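Here's the letter readout for the chains.
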Amino acid sequence: MTSDAAIHLEGVTKRFGEHTAVHDLHMHIPRGCIYGLLGPNGSGKTTTLRMIMGILHPDEGTVSLLGGDPDEVRRRRVGYLPEERGVYRKMKVLEQLEFLGEIRGLERKDAARRAGEWLDRLGLGDWKAKKVEDLSKGMQQKVQFIATVIHEPDLLILDEPFSGLDPINQDVLEDIVREFHRHGTTILFSTHLMAQAEQLCERVCLISKAEKVLDGTLKDLKARDREGVVAVTFDGPARWLEGPEVAAIERADGGVHVLLQEGGDHQAILRRGVASGAVITRFELVEPSLHEIFVRHAGEEAVGDAGLPQDYRMEEEVS
Amino acid sequence: MRSVYVVLRREYLYRVRNRWFIIGTFALPAFFVGFIAITAIAEGRRANRDREIPIVDQTNVLYDLVAGRLDSGFEPERVAATAEALEEVAGRAREGSISGYLVLDDETLASGRATFHGKTAPRALSRIRMQQAVVRSALEVRLRAAGSGAEVEDLLSGGAIDFETVSDEAPEEGAREAGVAAGFAAAMILYFVILLYGAMVMRSVLEEKTSRVVEVVLSSLRPWELMLGKILGVGAVGLTQIAIWALTAALGLTVGLPFLIAFRPELANVRELLQYLPAVGGLVLFLAFFILGYLLFSSLYAAVAAMCSTMEEAQQTQLPVTMLVVLPIFFISSIMEDPNSTLSTVLSLVPFFSPILMLPRYLGGAPLWQAGLSLVLIAVTTVGVAWVAGRIYRVGILMQGKRPTLPELWRWVKEA
């Protein structure tokens, strides 16, 4: 079971004093896939990644990496981009990348050549001799990303890699991640942006409040929740939408998406609607988005503001 | 080991290329040399003027004796006791080409009093030397008149208290004086550099921790590799700086000193003192105490930085460590007073004090085996301290938030 795994977590728990940050987490990440660890802020994503990286030690459970000695694997075969972006601010860009390449086992010349190529590719060619502190935040983030991949690791662990980047650079980064994926690199990244994960991931793990909510391939999750979301367009009052079978209601597609509870009967809603006299112009089962799947299984409050713009929600009408 | 070297190299190059390192390393000696040169030249000008001393001898018997006793540092010039000559020499004093002139008269022969005519009073040192020369010369004239001859010659030359040691170990007196001076200097320099580079390690560790870059670095390095590389890197910076300073000092002594003496002949005896400086042995011991003392304290400073999250916190937490470096400075006077007392011996063998106290003691006459013993003691202590500090570092460096309490710290050391 573990032999084909890039990362395997077995009952991992981490507590900070009274607070449990991660509880009994099992995670199986096959080699070569792009895996998204999703959840709202404070759900335990970063703690999980830090345990995988050996920065924190789990109180219970085990972590195995690429089937080898985890310490050895981490040092040579993993590229890690922490959530808190740290750089040597006073060092020059190229020298910094040289150094970070060297401690990952590259020869200095090699590290310098690769760093140069990456900087050119990411449009930072003119900044090689500049101090890192002179770069903008986004540029610094690109430098950090280069540092993460410069030794061509077998496993990439990226903590919120896209946050703080403008859409253009997010796309650039996504392309690079896909490119590594094509070359067989296993990629694990955390994000609270469901839409991003949906575009990129083959498999996801949704966690909330330190617990795993569900995991699996994107395809399976969507298939399982095929009858879970109804797109509704109507005129008139909205009260009839609420009911015991409804988990949440969200604005979408010019109308709303009604997210059903597990096993909730959509026809009951429709009947209520007709009875209320509302003019219903659309009532259709749709493929759920990742966000909707998450809300269905973890509840709206558990998801928090995970990746949705404020006006996406329907506070007044629902409450 | 390659990782340690990579870290060392980064730390070293980063710091050596830093503007402040260059300023600190070259500006400081340049400042000193410049300061000394300027004062030497200014003094030289003044001294030249001060050296020339016309003497008006109204007794006709004193001039040769006084002039003979004023040989070094003065250029006596006989002035005839005539009204014109007096007027002329007074004119020179007024216009400032000489600082003044000395008049010897019968009163000088009777009581040893003479008069210096000048715009301002002569400097204290010149005054004392003139006084001695005049009094002894007057005495000699009076003694010879009373019939005593050459037998009082030695008495008149001033006498001395000779020193003879009753111990087998104490060095000769000149060496001891030079040793005391060199000891003070060595202690202050060691204190300064250990504190300077210890604090540099602390800042460097803290910088990595607060910027979180340490999480990236430690995904590829073992904590001890990072800590060791950093300590060695900063240490290499220290050695570089010391080497540059030492070179400047050597240059100053070989080239600068003769230059200085040319302007101020009265400093010639500095050169005599220099020969007592324990050159090679002293330097080797200096380096040994610096290196071991630095390793001992820098690992403590690294641990302090690892357990803190902000510079303010670190400033408070470092206090006990810094106290260990500062404390010996309070003992230095009493140790130099009596390098071989029991107190001195015990204090200088305390491993945390040895780096600063032992070298001055050795220069002040303590036996070499004690210096050797203290080096061994520091080395053993350093291994123990580094082991503990390494464990604190390993846990602390990746931990954010509250500074650990002492019991927590103890748990880190046990569990790491």
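What counts and what doesn't
Residues numbered from 1 in each chain as written. Chains lettered and ligands numbered in written order. Predicted model: local features only at pLDDT ≥ 70, side-chain atom pairs only at ≥ 80, totals over all residues. Helix = DSSP H or I, 4+ residues; strand = E, 2+ residues; numbered from the N terminus. Buried ≥ 20, exposed ≤ 12 C-beta atoms within 10 Å, placed from the backbone. Contact = placed C-beta atoms within 7 Å. Nonpolar A, V, L, I, M, F, W, Y, C, P; charged D, E, K, R; others polar. pLDDT = per-residue confidence, 0-100. Pairing = 2+ DSSP bridges. Axes fitted to C-alpha atoms, helices over the stretch in contact; angles between N-to-C directions. Arc of directions from axis to C-beta. Core = buried A, V, L, I, M, F, W, Y, C linked by C-beta atoms within 7 Å. Parallel < 35°, antiparallel > 145°, perpendicular 65-115°, else oblique. Left-handed = near helix turned anticlockwise from the far one by under 90°.

Peer 1: Which parts of the structure should I look at to understand the overall build of chain A?
Peer 2: The number of helices and strands found in chain A is twelve helices and 13 strands. Across the 319 residues that make up chain A, the buried fraction comes to 44%.

Peer 1: Even after reading the chapter, I still don't get the overall build of chain B, so can you show me in this structure?
Peer 2: The secondary structure content of chain B amounts to 18 helices and four strands. Across the 416 residues of chain B, 35% fall into the buried class. In chain B, once contacts between residues fewer than 6 apart in sequence are set aside, the share between residues at least 24 apart is 74%.

Peer 1: Would you take a moment to explain the interface of chain A and chain B for this structure?
Peer 2: It is common to give the size of an interface as the accessible area that goes away when the parts come together. Tallying the contact residues gives 19 residues for chain A and 15 residues for chain B. Those elements that place two or more of their residues in the side of chain A that touches chain B are helix H2 (70–77), strand E5 (78–81) and helix H3 (93–103) of chain A. The element best represented in the side of chain A that touches chain B is H3 of chain A, accounting for four residues. Among the residues making up the side of chain A that touches chain B, the classes are represented as twelve nonpolar, one polar and six charged.

Peer 1: Just checking my understanding: could you explain the confidence of the model for chain A for this structure?
Peer 2: It should be kept in mind that the predicted coordinates are not to be read in detail where pLDDT is low. Residues and elements named next belong to chain A. The predicted model of chain A averages 85 in pLDDT, with 93% of residues at 70 or higher. Here helix H12 (residues 315–318) stands out as the least confident element of chain A, with mean pLDDT 37; helix H4 (residues 108–121) is the most confident, with 94. Residue range residues 306–319 is modelled with pLDDT below 50. Its contacts to residues more than four positions away, or to other chains, number 22 contacts.

Peer 1: Explain the sheet that holds strand E2 (residues 75–79) of chain B here, please?
Peer 2: Residues and elements named next belong to chain B. One open sheet holds the four strands; their spatial order is E2-E1-E3-E4, and the pairing between them is mixed. Each edge of the open sheet carries a strand with a single partner, namely E2 and strand E4 (115–118). Geometrically, the sheet is characterised by an average inter-axis angle of 30° between neighbouring strands, direction not taken into account. Alignment of strand E1 (residues 52–57) against E2, held across five bridges, turns out to be parallel. If you follow Ile 55 over to E2, its bridge partner there is Arg 78.

Peer 1: Please clarify how the pairing of strand E12 (residues 255–260) of chain A should be interpreted in this entry.
Peer 2: Where a strand is regular, its side chains alternate between the two sheet faces. Residue and element names in this part refer to chain A. Taking burial as the measure, the six residues of E12 include five buried ones, the bulk of the element. Direction of pairing for strand E10 (residues 229–235) relative to E12: antiparallel, over a ladder of four bridges. Residue Val 230 lies in a different strand from E12, and its bridge partner there is Val 258. Hairpin connection of strand E11 (residues 246–252) to E12: two residues between the antiparallel strands, including Asp 253 at a positive phi of 50°.

Peer 1: In this structure, what is going on with helix H15 (residues 342–349) of chain B? I would like to understand it.
Peer 2: The α-helix advances 3.6 residues per turn, and as a result positions three or four apart in sequence lie on the same side. Residue and element names in this part refer to chain B. Ser 344, Leu 347 and Ser 348 are the residues of H15 that are buried. Looking straight down H15, one finds its buried side chains confined to an arc of 95°; they lie on one side. Exposed side chains of H15 directed beyond 90 degrees from the buried face belong to Thr 342 and Val 346. In this structure, the buried side of H15 is in contact with helix H14 (319–337), helix H16 (354–363) and helix H17 (368–396).

Peer 1: Would you explain the confidence of the model for chain B in this entry?
Peer 2: Taken over all residues, the pLDDT of chain B has a mean of 83, while the share at 70 or more is 88%. Of all the helices and strands in chain B, helix H11 (residues 268–274) of chain B carries the lowest mean pLDDT, 61, while H17 of chain B carries the highest, 92.

Peer 1: Please clarify how the nonpolar core should be interpreted in this entry.
Peer 2: Soluble globular proteins: nonpolar side chains tend toward being buried together. Among the nonpolar cores identified, the biggest contains 154 residues, and Ile 157 of chain A together with Met 202, Tyr 301, Ala 302, Val 304, Ala 305 and Leu 359 of chain B are the most heavily contacted of them. Looking at which element gives the most residues to this core, the answer is helix H12 (residues 279–307) of chain B, with 17 residues. The next biggest cluster of nonpolar side chains, apart from the first, holds 20 residues, and it includes Leu 65, Ala 114, Met 130 and Val 134 of chain B.

Peer 1: Any chance you could explain the environment of Gly 116 of chain A here in plain terms?
Peer 2: Residues and elements named next belong to chain A. With respect to the element layout, Gly 116 can be found in helix H4. Separated by 36 residues in the primary sequence, Gly 116 and Glu 152 have C-alpha atoms spaced 15 Å apart. If near-sequence neighbours (up to four positions away) are discounted, Gly 116 is found in contact with Leu 94 and Lys 128.

Peer 1: What is the right way to read the sheet that holds strand E1 (residues 5–16) of chain A from this model?
Peer 2: Within a sheet, each strand pairs with its neighbour through backbone hydrogen bonds, oriented either parallel or antiparallel. Residue and element names in this part refer to chain A. If you walk across this open sheet you meet the three strands as E2-E1-E4, and the pairing is antiparallel. The two strands at the open ends of the sheet, each matched to only one other strand, are strand E2 (19–30) and strand E4 (60–65). Neighbouring strand axes in the sheet, compared pairwise and without regard to direction, differ in orientation by 15° on average. In terms of strand pairing, E1 meets E4 through five bridges, oriented antiparallel. By the bridge assignment for E4, Thr 13 is matched with Glu 60.

Peer 1: Teacher, can you tell me more about the environment of Glu 227 of chain A here?
Peer 2: Among the secondary structure elements, Glu 227 of chain A is positioned in the loop between helix H8 (218–224) and E10. Overall, the presence of 13 C-beta atoms within 10 Å leaves Glu 227 of chain A in the partly exposed class.

Peer 1: For this particular structure, what's the right way to read unusual backbone geometry?
Peer 2: Where the residue is not glycine, phi is negative for most of them; where a peptide bond is considered, it is trans in most cases. All names here are of chain A. Phi is positive for Asp 24, close to 45°, though the residue is something other than glycine. Relative to the helices and strands, Asp 24 is located in strand E2. By C-beta crowding, Asp 24 is classed as partly exposed, having 15 other C-beta atoms within 10 Å.

Peer 1: Would you mind going over the environment of Val 279 of chain A with me for this structure?
Peer 2: Residues and elements named next belong to chain A. Positionally, Val 279 belongs in strand E13 (residues 279–285). C-alpha separation for the pair Val 279 and Thr 233, spaced 46 residues apart in sequence, amounts to 8.6 Å. When residues no more than four places from it in sequence are discounted, the contact partners of Val 279 are Phe 234, Asp 235 and Gly 236.

Peer 1: What exactly am I supposed to notice about the packing of H14 of chain B against H16 of chain B here?
Peer 2: The axes of two packed helices give the description: the angle between them and the distance between them. Residues and elements named next belong to chain B. Running from N to C, H14 and H16 point in directions that differ by 15°, and their axes come no closer than 10 Å. As far as their axial angle goes, H16 and H14 are roughly parallel. Where H14 crosses over H16, the handedness of that crossing is right-handed. Note on element contacts: H16 touches H14 through Ile 356, Leu 357, Pro 360 and Arg 361, opposite Pro 328, Ile 329, Phe 331, Ile 332, Ile 335 and Met 336.

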